[in-house]
Amino acid sequence: MPAPLACPVAAMPQPASSFRVAVIGGGPAGLMAAEVLGQAGVNVDLYDAMPSVGRKFLLAGVGGMNITHAEDYADFASRYGERAGDLRPLLDAFSPDALREWIHGLGIDTFVGSSGRVFPTDMKAAPLLRAWLKRLRESGVQLHTRQRWLGWDEHGALRIAGPQGEIRVAADATLLALGGGSWARLGSDGAWVPLLHDRGIAIAPLQPANCGFEVAGWSEHLREKFAGAPLKTVSLALPGEAPRKGEFVLTATGIEGSLVYALSARIREAINRDGTATVLLDLLPDRSQAQIADALARPRGSQSMAKHLHRQLRLDGVKAGLLRELSDAATFQDPQALAAAIKALPIRLLRPRPLDEAISSAGGVPFEALDANLMLRQLPGVFCAGEMLDWEAPTGGYLLTACFASGRAAAEGMLRWRRDHESLAGWPARC
Ligand SMILES: Cc1cc2nc3c(=O)[nH]c(=O)nc-3n(C[C@H](O)[C@H](O)[C@H](O)COP(=O)(O)OP(=O)(O)OC[C@H]3O[C@@H](n4cnc5c(N)ncnc54)[C@H](O)[C@@H]3O)c2cc1C
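Residues numbered from 1 in each chain as written. Predicted model: local features only at pLDDT ≥ 70, side-chain atom pairs only at ≥ 80, totals over all residues. Heavy atoms only, no water.

An unreviewed UniProt entry lists the protein chain under the name TIGR03862 family flavoprotein, with Pseudomonas songnenensis given as the organism. On record in UniProt, under Cofactor (unreviewed entry), the comment for the protein chain is "FAD". (UniProt positions renumbered as here; feature names shortened; annotations may be inferred.)

Novice: Is there a simple way to think about the sheet that holds strand β9 (residues 165-169) in this case?
Specialist: Neighbouring strands of a sheet are bound in pairs by backbone hydrogen bonds; such pairs are parallel or else antiparallel. With respect to topology, three strands assemble into an open sheet ordered β7-β8-β9, the strand pairing being antiparallel. At either end of the open sheet lies a strand with only one pairing partner, and these are β7 (148-152) and β9. Strand after strand, the sheet turns through a mean of 30° between neighbouring axes, direction not considered. (Pairing = 2+ DSSP bridges. Helix = DSSP H or I, 4+ residues; strand = E, 2+ residues; numbered from the N terminus. Axes fitted to C-alpha atoms, helices over the stretch in contact; angles between N-to-C directions.)

Novice: Mind showing me how you'd approach the side chain of serine 406 here?
Specialist: If you trace the backbone, serine 406 turns up in helix α15 (residues 398-425). A distance of 3.2 Å separates a polar atom in the side chain of serine 406 from the backbone oxygen of cysteine 403. Setting aside its immediate chain neighbours within four residues, serine 406 contacts Leu90, Leu374, Ala385, Gly386 and Leu389. (Polar contact = N/O pair within 3.5 Å; in protein donor to acceptor, adjacent residues only side chain to side chain. Contact = heavy atoms within 4.5 Å.)

Novice: Before we go on, may I ask you to explain the layout of surface pockets in this structure?
Specialist: Summary: where empty space remains is shown by rolling a probe the size of a single water molecule over the atoms. The computed volume of the second largest pocket comes to approximately 1,000 Å³. Taken together, 41 residues form the lining of the second largest pocket, with Arg79, Tyr261, Ala262, Ala393 and Pro394 sitting closest to its centre. Sorting the residues of the lining of the second largest pocket by element identifies β11 (204-209), β14 (244-250), α9 (258-274) and β19 (360-364) as the ones contributing at least two each. Here the lining of the second largest pocket is composed, by residue class, of 15 nonpolar, 13 polar and 13 charged. Residues from two domains meet in the lining of the second largest pocket; each of domain 1 (9-209 + 362-428) and domain 2 (213-352) gives at least three. (1 Å grid on protein atoms, 1.4 Å probe; cavity = no way out; pocket = protein on both sides within 12 Å on 5 of 7 lines; lining within 4 Å. Points joined across faces, edges and corners; volume = space filled by probe spheres on them. Nonpolar A, V, L, I, M, F, W, Y, C, P; charged D, E, K, R; others polar. Domains from an automatic or database assignment.)

Novice: Explain the packing of aromatic side chains to me, please; I cannot follow it from the model alone.
Specialist: The relative placement of two aromatic rings is captured by the distance of their centres and the angle of their planes. By the definition in use, this model includes 12 aromatic pairs. Consider the rings of tryptophan 102 and phenylalanine 404, whose centres lie 5.4 Å apart with planes at 50°: the pair is tilted. Of this pair, tryptophan 102 sits in helix α5 (residues 96-105) while phenylalanine 404 sits in helix α15, and the two are 302 residues apart along the sequence. One aromatic cluster is present, formed by Phe57, Trp102, Trp132 and Phe404 through successive ring pairs. The ring of phenylalanine 332 has arginine 324 lying over it, and the distance from NZ or CZ to the ring centre is 3.9 Å. Its guanidinium or amino end placed over the ring of phenylalanine 94, arginine 408 lies 4.7 Å from that ring's centre, counting from NZ or CZ. (Phe/Tyr/Trp six-rings, centres within 6.5 Å; stacked < 30°, edge-to-face > 60°. Lys NZ or Arg CZ within 6 Å of the ring centre and 35° of its normal.)

Novice: Is there a simple way to explain the site of the ligand in this structure?
Specialist: Among the 30 residues in the neighbourhood of the ligand, the closest are listed as Asp48, Asn66, Trp149, Glu387 and Leu400. Within the side chain of serine 188, an N or O atom sits 3.3 Å from an oxygen atom of the ligand. For the ligand, the accessible surface in isolation is 1,000 Å², of which the surrounding protein chains cover 95%. Taken together, the elements giving at least two residues each to the shell around the ligand come down to α1 (28-39), α2 (55-60), β7 and α15. Taken together, the residues that form the shell around the ligand break down as 16 nonpolar, 10 polar and four charged. (Near = heavy atom within 4 Å. Areas by Shrake-Rupley, 256 points an atom, 1.4 Å probe, with all protein chains shown as cover.)

Novice: I keep staring at the sheet that holds strand β10 (residues 173-176) and nothing clicks. Help me out?
Specialist: Pairing is parallel across the open sheet formed by five strands, whose spatial order is β6-β2-β1-β10-β20. Since the sheet does not close on itself, it has two edges, and those belong to β6 (142-144) and β20 (382-384), each with one partner. Put simply, the sheet's adjacent strands are angled 20° from each other on average, direction ignored. With three bridges connecting them, strand β2 (residues 43-47) and β6 associate as parallel partners. Across the sheet, the residue bridging to leucine 46 is leucine 143, located in β6. Of the strands in this sheet, β1 (20-24), β2, β6 and β10 touch α1, which is tilted by about 165° from β2.

Novice: Help me understand the nonpolar core in this model?
Specialist: The nonpolar side chains of a soluble globular protein tend to be buried, and buried together. Membership of the largest hydrophobic core comes to 85 residues, with the highest contact counts inside it found for Leu175, Leu196 and Val365. With 13 residues, α15 is the largest single contributor of residues to this core. Sequence-distant contacts of valine 365, that is, excluding residues within four places in its chain, are made with Trp192, Leu196, Ile201, Ile203, Leu370, Leu376, Cys384, Met388, Leu389 and Asp390. The next biggest cluster of nonpolar side chains, apart from the first, holds 45 residues, and it includes Val215, Leu236, Leu283 and Leu322. (Core = buried A, V, L, I, M, F, W, Y, C linked by side-chain atoms within 4.5 Å. Buried < 20%, exposed > 50% of the residue type's maximum accessible area, 1.4 Å probe, protein only.)

Novice: I tried to follow the pairing of strand β16 (residues 277-282) on my own but got confused; where do I start?
Specialist: In regular strands, side chains alternate between the two faces of the sheet. Bridge count for strand β13 (residues 230-237) against β16 is three bridges, and the pairing is antiparallel. Of the residues in β16, the one forming a bridge with alanine 237 is leucine 280. Two elements, β16 and strand β17 (residues 345-349), share five bridges in a ladder whose sense is antiparallel. Paired with leucine 280 across the bridge in β17 is proline 346.

Novice: How should the domain arrangement of the protein chain be read in this particular structure?
Specialist: It is common to give the size of an interface as the accessible area that goes away when the parts come together. Considered domain by domain, the protein chain is made up of domain 1 (9-209 + 362-428) and domain 2 (213-352). Each of domain 1 and domain 2 was reduced to a C-alpha centroid, and the two centroids are 40 Å apart. Residue-level contacts link six residues of domain 1 with six residues of domain 2. On the domain 1 side of the interface with domain 2, the three residues burying the most area are Gln207, Pro208 and Glu392, jointly 58% of the side's total. Between domain 1 and domain 2 we count one salt bridge in total. A salt bridge links glutamate 392 to arginine 268, with the nearest nitrogen and oxygen atoms 2.6 Å apart. There are three residue pairs in polar contact (both at pLDDT 80 or more) connecting domain 1 and domain 2. In terms of residue count, the dominant contributor to the side of domain 1 that touches domain 2 is β11 (three residues). (Buried area = accessible area lost by both parts, 1.4 Å probe. Salt bridge = Lys/Arg side-chain N within 4 Å of Asp/Glu carboxyl O.)

And the structure:
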């Protein structure tokens with residue numbers, strides 16, 4: 001049975017069907033849920049706190065909208081780490097291929113980049129969002145912006161605040177797609193956490209994912225000369241783990257960028273566990289330590305060490321600066337020790353950068369709190385989707401794919417739940 005609801009103080013528009021649904025949150029997950037529900041003939045009202053929907057989705061399109069990934073599906077599905085098993089049925093039902101088909105259905109072509117990442121042809125999010133919103137409006141979905149959900153009143157009605165003041169909304173079912181806790185200025189501020197916590201849902205704390213990390217402090221010289229400089233063709237590893245090749249950026253406070261993001265979940269866990277984490281940087285992953293030691297042992301005559309490193313190994317700029325920063329003078333006197341440092345330069349990381357700066361959040365509503373329909377076990381009639389669920393993934397299109405897939409799954413779960421209740425007790429059950 002749906003949660004008992006009071007009659008609305010301000011009701012939603014008169015429904016075409018007897019089933020009235022509120023979707024809260026107009027990011028990719030909420031919009032996808034609204035589409036599935038709208039196409040099923042359900043009367044959908046979508047509320048978003050911001051003046052327009054899809055703001056983070058649009059931001060994701062700024063540097064090139066990487067919407068999914070074309071790698072082998074089993075590999076794709078494994079990218080969700082500990083939560084891969086929970087997400088697998090959702091992804092099976094809406095796979096990366098299905099997502100691409102869906103995008104094509106909006107009149108937007110996609111292409112696979114050299115890394116296997118999938119992009120819309122023009123790399124942008126705005127044309128896709130425009131076409132999508134048009135389709136949503138045509139299917140009868142009502143979008144209400146500047147409408148912030150504040151929780152439930154004592155009768156179970158939704159409390160919604162906007163320029164009109166606070167209203168109460170009665171819905172037969174509610175789908176929450178409120179996002180994580182990063183980039184609060186785009187709407188996903190994590191303010192929903194205490195609202196669900198107060199209703200007895202044990203929320204896993206939101207933590208930064210795909211984020212940069214801080215060091216104890218770079219020297220003024222390194223910071224002034226190299227903050228913002230990219231380290232290209234390097235590899236990084238946590239001790240005992242296989243190194244990963246890529247690139248990252250030295251920042252004023254530490255390190256960030258795609259290679260750091262790829263390791264960020266395990267770095268964060270190591271910091272949570274041990275207080276700090278050390279990553280090993282290989283400045284020349286394409287050369288062996290022995291090759292490097294041989295090159296360094298060649299006579300350098302009156303040349304400075306900086307020139308010698310440049311001549312023999314093409315090691316200069318930010319790479320040489322970091323080597324100097326993190327190695328002592330004695331290491332520079334010994335080709336073997338210097339070669340070892342070049343292959344495994346330890347960078348001690350103290351903490352992630354603040355959650356608000358992260359690409360995504362870990363933590364959120366645990367799958368254990370949800371049934372197979374993605375409905376909160378403790379709040380019948382309330383479904384959850386998107387980044388607010390407790391999963392994380394690296395960048396590469398995995399985030400958006402799981403948001404789309406979980407939005408669909410929660411909407412389909414809601415339709416199944418409704419069918420079950422219709423056949424059990426008859427509908428509608430609200431006031
Ligand atoms: C800089 C950046 C680049 C990114 N690039 C990529 C990429 O290339 N590929 C990729 O896969 N992912 C990328 N992501 C991640 C991706 O954008 C997010 O994972 C995705 O947008 C999450 O979707 P969502 O629908 O769960 O939540 P969101 O997109 O965060 O939407 C949540 C919505 O809920 C609304 N809301 C929140 N609280 C309330 C409330 N109380 N009442 C009413 N409305 C509320 C918000 O206003 C917001 O519109 C990027 C993220 C960032 C920050």
